Amino acid sequence: MSWLMASGVRDLRYALRRWRRRPAFVATAVGTLALGIGAATALFSVVDAVLLRPPAWPAPDRLAVVHAVFPDRRNDPAAAASWIRGPVTYNVWDALRADATFAEVAVWRPVRSPAGSGTTFGDDRTEIVATMDVSSNFLPLVGAGVVHGRLFTDAEDRRPADSVLITHEAWQRRFGGRADVIGLGVPLGSASTGGRSPKTIVGVLAPGFEFGGSTPEFLFPVGISAETGRTYGNGSLRVLAAVAPGASLDAATSAASAILARVDAREPTSAQVLLLTDELYGPARRPLVLLFAAAGVLLLVACTNVAGLLLGEARVRRHEYAVRAALGGGQRRVLQQLVVEHSVLAAAGSAAGLLLAYVLVQVFVGTAPAGLPRVDEVHVDRRAALFALGAGLTTLFVFGLTPASALARTPAIAVITEGSRDFARRRPIGHRLIVAFEMALALVLVVGASLLGETLYRVTSQPLGFNPSGLAVVSFQMTTVPGPQERIGPRGSQTPEEVTRIRRQIEENMSLGWWLHLDAAFSRIDALPGVTRVAGAGSAPFLGAARTVNVRLPGRPETDQIGVRFQSVSDRYFETLEIPIARGRRFVNSDRRVHRFMTERGKPLPTTPAIVSESLARRMFDGDAVGRQLISGSGAGVAPYDILGVVPDVRSQKDGAAELPVVYAFAQGYRSLGTLLVRTGGDAEALLPAIRDEIRRFDSTIVVTSTTTMAGLLAATVEQERFRATVASVFGSAALGLAAVGLYGLAARRAAERRREIAVRVALGADRGDVRSLVHRETVITVLLGLAAGLPCAFGASLATQAFLFGVSPTQPRVFIAAAITLAAVAYIAPVLPARRAAAIDPMVVLRE
C-alpha cells in the first residue's frame, strides 16, 4: 500500500511537471472542460431545484388537484380558457370528502393579488393586499404551520367568521413582529365595495409560505368570502385532495367525475385529477428539459473536443510509451500514469466549470422568466458539485484513457522502428471521426438556436397597430365611492318607493361622481410636465385583464353569436395609443351617458357607444359597421351597442394568431376603468414616480397597484422566448467555438505530422497555395462528413422545439442551410493559421532535420 501511495505521488509530480511544460494544451483542455461542465452543471442545478427535488409537502406523490372539466366550453371563445380548469361548488366539496377514494379534501380560492380586485388594508392610507381563502385542512395538507396562535378550525369553514391568518412576512413588515399580535383587530375590507370591517388575527404562519408561485399576506377562512361576504353554499372553489393509499389517479378521476356529474347541475361536467407537482411545475418541465438537453449536447461537444486533444497528445507520446515498455514498465504502469495525469485535468476542469456554473446560475436566476417555479431555490450545492466532478472524470476517463490505452498496447518495437515518413502516412481516422462528430453536434445546437432566434424575431416583429414608445401604463383601483352616499336601511324599514328612490340616487351619485372624479384626476395627470395625452381603459394591451363576451346581431338567436374581447375605454383612448380611425369617428365627451345599474324590470337598457375592430366589422357586417348595432347578453340583461367607428386590429396578446375581434365600449359604469394610459414626449419610465405621487396627492383612496411602460409590457410578453433564444444562442455559439478549436487542432496536428511531405512537395515545385489547399482539403472532408451525419440529427432534434416555435416550421430549409453555411465558414477559417504555417515551411531546413 505504501509503495502504491509513493508511486502515486511520483506520478502526480510527473503529471504536474508535464502539464507545466504544456501550458497551451492544458489551458485549451481545461477551458473546454470548464465550458461544457459549467453549462451542464448550471442547468442541472435548475432542473434539480425545480423538477427533481421533492417539495416540502407531506406525501407529494398522493397530493392532487381536482379540476372541473366542461367539454361544451372547449369551442366557445368566451369560455375556452376555463373548460378544463373550472372551480367547484361547496356541495361538490362535501361529496368529495365523503368518498373513500380521497383521504382528505381541502379547498382554496386563488390568491387575489394587489394588481387586481382584492382586499383593502389600513385606515390612514389605503393599500390593496394579496389575500387567499383556504379551508381549515388546506394548510396542514401543504405542510404549513403557525409560529404564533392557531390555524383555522372546521367550524370556520361552515359559517361566517371574522378570523384571519397572517404570513410571517406580513407580521414583520406590517406589524413590526409585535408579540401581542394574536387577537389584534385589523381594518380589512373590500376593494370592490369600499366596505370595511375589522378582522381578528388568530395566527401567524411559519416563514416562507407560498402556494402556486404566489405569496398572500392575509388568509381568510373559506366559509365566508373576504370580498362579498358570501356564506356557505357558494362556489368558485379549487380542490386539493390527498388520494387515499392504494387508490390510483385514474380511480380518483373516475370517482370525481361521477360526483361532479351527479352533484354539479350547472352544465355537463366531468373531472380531471392531476398531481400537485404536475399542476404547479408541469408547464416548466418541457422547456427546462429542452435547455438541459442542449447543455448536455454542449458538454458532449466539449468531451469530443477534449478527446481529440488527448488523442493527438497520445499520438505524440507514442515513443514515450514504447520506451517505458522497453525499460520494463508494463501496460498497467502506463495506465496508472495516465489516470493521474487525466485526474489532474479533470479536477482543474471540474473546479473551473463549477466556478462558471456558479456565475451562470446567478445570471439564470436574475434573467429567468416570470412564473418559473422554485427559482429562488436554485443554487450550486453539493449535488451540483458532484455532478461537475463526475462529468469531468467521466470525460477524461472515457474519452482520454480509451485511445491512450489502445496506443499503450501497441508493441514497443513497432513504434521505435517506425519512421516518421510511415507515421505521417497514417491517416488520423480516429481524430477525424471525433472532429466530425463534434461538427454534427454543433450543427444540432446551431439549428436549435436559429429556430428559437427566428421565433423571437417573429414574435417581436408583428405589427402592433399602435405606438408603444413613450407610453406609461398605470393600474389603479378606487377603494371608495366618490360623492355623497345614501344607504338602504334594514329590510322593511322603507317603503318600496323609498328603496327605489335611494337606489337611483346611489346609482347617479356613483356614476356622476365617478366620472367627475376621474376627469379631475386625468386633468391633474395631463398637467404634469412631459405628459401630452391621458386616457383610461379597463386594461391595456398585453396587460391580460380584458374580458371576453359573446355578441350577436339584433334579432339573431343566441346560438348565432361570436366571442369578442370587450374593452371599456374613455375618450382620447385612440388618440393616446395613436390608433387611427379607419371609418366613422372617435369618442367625444358628448357620447358619455349616465346609465342606471338597476333598471326597472321590463324597461330596455340604454345603448352604449362602441367602436369595433376591422376583423369584427368584416366578420359580422362585411366591413360596413358604422351606424349598425350589436347586442350581448340574454333575457332582461341584454346590452345594446351603437357602433360609431371602426379601427384597425390591435395586437394585445403574445400570440397574434389567437387574437379575437374587439369591441371598444365607451366606459359608462362605476369602476369600468382600471388602467391609466399616459402618452409622454420622452422617457415614460422617468415619469412614473411623478404620476404615482400626483394620484396619491389627489386622492389617497385611489390605490396605484402597478406602474410600468408599454415597452416593459412588450418585453415581458416575450421574456420566455427571449430567454430560450438567448440560452440556445449562447450554447450554439459555444459549440461553434469548440468546433473551431477542434478543427484547428486537427489541422495543426496533421500539418505538423506531414512537415517532411510538405517540404518535399515544396522542393519539387509545389506552390504555396497548393500547400494551403492540401491542409484545407482534409478539413473540408471532415466537415462534410460531420454535416452529413449532423443534418438528420438536427432534423430530429428540431421537432422537439416545435411547441416553442411561432411563425417558423421546425423543418424550415433555410434554417438548416444557414446553419450548414455557418459551420462551413467556421471550417474554412479554423485551419487558416496552420495552413499558412505549413505553406511557410523552408524545405532545406526540414529536410536536414
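Anything mentioned here points back to the structure above.
The written sequence of each chain sets the order in which its residues are numbered from 1. Only residues with pLDDT of 70 or above have their local features reported here, since the model is predicted, and side-chain atom pairs are shown and tallied only from 80 upward, although totals for entire chains, interfaces and linings are computed over all residues. Only hydrogens and water are set aside when side-chain values are computed; all heavy atoms of the structure are taken into account.

Novice: Which residues make up the overall build of the protein chain, and what values do they have?
Specialist: Looking only at helices and strands, the protein chain has 25 helices and 23 strands in total. Looking at the protein chain as a whole, 50% of its 849 residues qualify as buried. When contacts within the protein chain are restricted to residue pairs at least 6 apart in sequence, those whose partners lie at least 24 apart make up 80%. Under the scheme used here, helices are H or I runs from DSSP no shorter than 4 residues and strands are E runs no shorter than 2 residues, and both carry numbers assigned from the N terminus. Using a 1.4 Å probe on the protein chains alone, a residue whose accessible area is under 20% of its type maximum counts as buried, one over 50% counts as exposed, and one in between counts as partly exposed. Throughout, a contact is declared for two residues whenever any of their heavy atoms are within 4.5 Å.

Novice: Which residues make up the packing of helix α3 (residues 90-97) against helix α7 (residues 249-263), and what are the values?
Specialist: In this analysis an axis means a line fitted to C-alpha atoms, helices contributing only their contacting stretch, and an angle means the value between N-to-C directions, from 0 to 180 degrees. Two elements in contact, α3 and α7, have axes whose closest approach is 10 Å; the angle formed by their N-to-C orientations is 140 degrees. It follows from the interaxial angle that α3 and α7 lie oblique. Of the two elements, α3 crosses α7, and the hand of that crossing is right-handed. Contacts from N91, V92, A95 and L96 in α3 reach A256, I259, L260, R262 and V263 in α7. Residue polarity is assigned by list, with Asp, Glu, Lys and Arg as charged and Ala, Val, Leu, Ile, Met, Phe, Trp, Tyr, Cys and Pro as nonpolar; anything else, Gly included, falls into the polar class. For the contact of α3 with α7, the class distribution of residues is seven nonpolar, one polar and one charged. For classification purposes, angles smaller than 35 degrees are called roughly parallel, those larger than 145 roughly antiparallel, those between 65 and 115 roughly perpendicular, and all remaining angles oblique. By definition, turning the near helix anticlockwise from the far helix through less than a right angle yields a left-handed crossing, and turning it clockwise yields a right-handed one.

Novice: Give me a nonpolar patch on the surface: which residues, what numbers.
Specialist: Where nonpolar side chains cluster on the molecular surface, the patch consists of Y358, V359 and V363 and spans about 290 Å² of accessible area. Summarising the element assignment, V359 is placed in helix α10 (residues 331-367). Classification of V359 as partly exposed rests on a relative accessible area of 46%. Any residue with relative accessible area above 30% and no salt bridge may belong to a patch, with like charges joined within 9 Å and the nonpolar Val, Leu, Ile, Met, Phe, Trp and Tyr side chains within 5 Å. To be clear on the numbers: accessible area is Shrake-Rupley with a 1.4 Å probe, and residue cover counts the displayed protein chains and nothing else. Put simply, a salt bridge is a Lys or Arg side-chain nitrogen that is within 4 Å of an Asp or Glu carboxyl oxygen.

Novice: Any chance you could break down the pairing of strand β14 (residues 531-537) for me, citing the residues and the numbers?
Specialist: Judged by how many residues are buried, β14 sits mostly within the fold: five of seven residues are covered. For two strands to be treated as a pair, DSSP must find at least two bridges joining them. Pairing of β14 with strand β22 (residues 675-680) involves six bridges; the strand directions are antiparallel. Bridging from a neighbouring strand, V534 pairs with V678 of β22.

Novice: Outline the pattern of salt bridges, supporting the account with residue identities and numerical values.
Specialist: Evaluated as defined, the whole model comprises 20 salt bridges. A salt bridge links R178 to D180, with the shortest nitrogen-to-oxygen separation between them at 2.8 Å. Given a relative accessible area of 35%, R178 falls into the partly exposed group. A salt bridge links E694 to R697, with the nearest nitrogen and oxygen atoms 2.7 Å apart. In this pair, E694 and R697 both sit in helix α18 (residues 684-698), three residues apart, roughly one turn of the helix. Taking relative accessible area as the criterion, E694 reaches 8% and is therefore assigned buried.

Novice: Account for the nonpolar core, with residues named and values stated.
Specialist: Ranked by internal contacts, the top residues of the largest apolar core, which has 64 residues, are L288, L298, V447 and F731. For this core, the secondary structure elements donating two or more residues are α2 (23-52), α8 (276-316), α10, α14 (429-460), α20 (719-753), α22 (768-799) and α23 (813-829). Per-element accounting of this core gives the leading share, 14 residues, to α14. When near neighbours in sequence (up to four residues on either side) are disregarded, F731 contacts A39, L43, L291, A294, A295, L298 and L445. Residues grouped as a nonpolar core are buried Ala, Val, Leu, Ile, Met, Phe, Trp, Tyr and Cys residues, joined through side-chain atoms within 4.5 Å. In terms of nonpolar packing, the next biggest core, distinct from the first, is built from 48 residues, M478, F587, V662 and A684 among them.

Novice: Tell me what's going on with a positive patch on the surface, and back it up with residues and numbers.
Specialist: A cluster of basic side chains, namely R13, R17, R20 and R21, defines a positive patch on the protein surface. Relative to the helices and strands, R21 resides in helix α1 (residues 2-21). A relative accessible area of 54% means that R21 is categorised as exposed. In this charge count, Lys and Arg are treated as positive and Asp and Glu as negative; neither His nor the chain ends contribute. A charged residue contributes its charge at one atom only: NZ of Lys, CZ of Arg, CG of Asp or CD of Glu.

Novice: Residues and numbers for the packing of aromatic side chains, please.
Specialist: Two aromatic rings from Phe, Tyr or Trp, using only the six-membered ring of Trp, form a pair when their centres are within 6.5 Å; if the ring planes differ by under 30 degrees the pair is stacked, by over 60 it is edge-to-face, and anything between is tilted. For the structure shown, the criterion picks out 14 aromatic pairs. Pairing F566 with Y641 gives two aromatic rings, centres 5.7 Å apart and planes at 55 degrees, and the pair type is tilted. Taken as a pair, F566 in strand β16 (residues 562-569) and Y641 in strand β20 (residues 639-647) lie far apart in primary sequence, 75 residues in all. Looking at Y641, the relative accessible area reads 9%, which means it is buried. Where F587 meets F666, the ring centres are 4.9 Å apart and the plane angle is 50 degrees; that geometry is what we call tilted. Of the two residues, F587 is situated in the loop between β17 (583-584) and β18 (608-613) and F666 in strand β21 (residues 662-666); the sequence distance between them amounts to 79 residues.

Novice: Can you explain the environment of A521? Please cite residues and give values.
Specialist: Mapping A521 onto the fold places it in helix α15 (residues 496-526). The buried category is assigned to A521, whose relative accessible area is 11%. Distance from A521 to I702, taken between C-alpha atoms, is 9.8 Å for residues 181 residues apart in sequence.

Novice: Tell me about the packing of α22 against α23, residues and numbers included.
Specialist: At a closest axis distance of 10 Å, the pairing of α22 and α23 adopts a crossing angle of 155 degrees. On the basis of their axis angle, the class for α22 and α23 is roughly antiparallel. Considering how the two elements wind past one another, α22 and α23 form a crossing that is right-handed. Contacts from H776, T779, V783, L787, L791, A794, F795 and S798 of α22 reach α23 at F816, A820, L823, A827 and Y828. Grouping the amino acids of the contact of α22 with α23 by side-chain chemistry returns 10 nonpolar, three polar and no charged.

Novice: Describe the side chain of R651, listing the residues and the values that go with them.
Specialist: Mapping R651 onto the fold places it in the loop between β20 and β21. Pairing of N or O atoms within 3.5 Å defines a polar contact, subject to two protein rules: one partner must be a possible hydrogen donor and the other a possible acceptor, and residues neighboring in sequence count only if both atoms are side-chain atoms. A polar atom in the side chain of R651 sits 3.2 Å from the backbone oxygen of V459.

Novice: Can you tell me about the pairing of strand β19 (residues 629-632), naming the residues and giving the values?
Specialist: By the bridge criterion, two bridges tie strand β15 (residues 547-552) to β19 in an arrangement that is antiparallel. The partner of V551 across the bridge, within β19, is S632. Judged from the four bridges that link them, β19 and β20 form a sheet pairing that is antiparallel. Note that in β20 the partner of S632 across the bridge is A639.

Novice: Which residues make up helix α19 (residues 710-717), and what values go with them?
Specialist: All of the buried residues along α19 are M710, L713, L714 and T717. Seen end-on, α19 carries its buried residues on one side only, within an arc spanning 100 degrees. The arc in question is formed by the directions pointing from the helix axis toward the C-beta atoms.

Novice: Please give an account of unusual backbone geometry that cites residues and values.
Specialist: Its identity is not glycine, yet A59 carries a phi of approximately 50 degrees, on the positive side. Note that A59 resides in the loop between α2 and β1 (63-69). Relative accessible area serves as the criterion here: at 30%, A59 is assigned to the partly exposed category. A positive phi angle is found at R572, which is not glycine, with a value near 70 degrees. Here R572 lies in the loop between β16 and α16 (573-577). In this structure R572 comes out as partly exposed when scored by relative accessible area, which is 29%.

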